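Observations on the model geometry
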Amino acid sequence: MLTFNYYGHACFRLDDGKYKLLFDPFLTGNPQASIKPDDIETDYIFVTHAHADHVGDGYDILKRTGATAVGIPEITDFGGENVKSINMNLGGTLQLPFGFARMVQALHSAGIAGGVACGYVIGIGGKVIYFAGDTALFGDMKFIGERDQIDYAILPIGGHYTMDIVDAAKAVEILGAKNVIPVHYNTWDIIKQNPEEFKALVKNAKVHIVKPGGTLNLDA
Ligand code: NI
Ligand code: MN
């Protein structure tokens, strides 16, 4: 079974029953956090960019779990030589024990000198999952959806720093995603959104509103 565990804001984990992949592990200081950084188990940590609400507790979790960090070199090098990391960059695809990971563009600042923000296309458990990271809407999402049929798109909807519900609904259309999970909203008032309004805007895809601490079976 392929499971999506949502920990609040843009932090979630994919778990195929054998491998666990944690994304943007911002828990300390995250008002939505549904788990403590000391309680999380993972094999990989994917980071989309270096803003504090994405890198979060990554280094501490890497040190404790021995997990492997995946990201651009400017970010994965933050752990020094004490943690396992795989550097990659935009357009690259890694074949990993659980499946594949492709790094794709995101329209956002990097939060670190010389870096870029990114998203990921992940193949795991027979599904393709696109995590946009923090991004504005961009037309080349079309090519992401053309290369792989996206089963689940995990998109920010909070506005202010990222797409809002109108642009995120357009992103779903451009991507041709079958399902969508909104994230990066209601953590603070500045990114307040009503996910039900987002749901009403989305055509031709199923919207799954998962509360922090909630899980979703992606096999269904
Ligand atoms: Ni950001
Ligand atoms: Mn953010």
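Our subject is the structure listed above.
Residues numbered from 1 in each chain as written. Chains lettered and ligands numbered in written order. Predicted model: local features only at pLDDT ≥ 70, side-chain atom pairs only at ≥ 80, totals over all residues. Heavy atoms only, no water.

Points about a nonpolar patch on the surface
For clarity, the cut-off: Exposure above 30% relative accessible area and the absence of a salt bridge qualify a residue for a patch, where like charges join within 9 Å and nonpolar side chains (Val, Leu, Ile, Met, Phe, Trp, Tyr) within 5 Å. Surface accessibility follows the Shrake-Rupley procedure with a 1.4 Å probe radius. Residue values consider only the protein chains on display as shielding. Definition used for salt bridges: Asp or Glu carboxyl oxygen within 4 Å of a side-chain nitrogen of Lys or Arg. In DSSP terms, a helix is any run of H or I states spanning at least four residues, a strand is any run of E spanning at least two, and both are numbered starting from the N terminus. Buried means the residue's accessible area, taken with a 1.4 Å probe over protein chains only, is under 20% of the maximum for its type, while exposed means over 50%, and partly exposed covers the values in between.
On the surface, Tyr161, Trp188 and Ile190 cluster together into a nonpolar patch covering about 290 Å² of accessible area. In this fold, Trp188 is placed in the loop between strand E12 (179-183) and helix H6 (195-201). A relative accessible area of 35% means that Trp188 is categorised as partly exposed.

Considerations on the nonpolar core
Applicable threshold: By nonpolar core we mean a set of buried residues, namely Ala, Val, Leu, Ile, Met, Phe, Trp, Tyr and Cys, connected to one another through side-chain atoms within 4.5 Å. A contact between two residues is defined here by any heavy atoms of the two lying within 4.5 Å.
Membership of the largest hydrophobic core comes to 47 residues, with the highest contact counts inside it found for Phe4, Leu14, Leu21, Phe46 and Ile122. The element best represented in this core is strand E9 (residues 118-124), accounting for 4 residues. For Leu21, the contacting residues outside a window of four places in its chain are Phe12, Arg13, Leu14, Thr42, Tyr44, Phe46, Phe98, Ile122 and Ile124. Ranked by size, the runner-up nonpolar core spans 27 residues in total, among them Phe100, Val180, Tyr185 and Val207.

Some words on the environment of Arg147
By the element assignment, Arg147 lies in helix H4 (residues 141-147). Arg147 gets classed as exposed once you look at its relative accessible area, which sits at 54%. Spatially, the C-alpha atoms of Arg147 and Val183 are 24 Å apart, while their sequence positions differ by 36 residues. Leaving out residues up to four positions away in the same chain, Arg147 has contacts with Thr93 and Arg102.

Focus: the pairing of strand E1 (residues 3-8)
Quick note on the threshold: Paired strands are those between which DSSP finds at least two bridges.
Where burial is concerned, most of E1 is hidden: 6 out of the 6 residues are buried. Pairing analysis gives 5 bridges linking E1 to strand E2 (residues 11-15), with the strands arranged antiparallel. Within the sheet, the bridge partner assigned to Tyr6 lies in E2 and is Phe12. Pairing of E1 with strand E14 (residues 215-217), which is carried by 3 bridges, proceeds in the antiparallel orientation. Paired with Asn5 across the two strands is Thr215, which belongs to E14.

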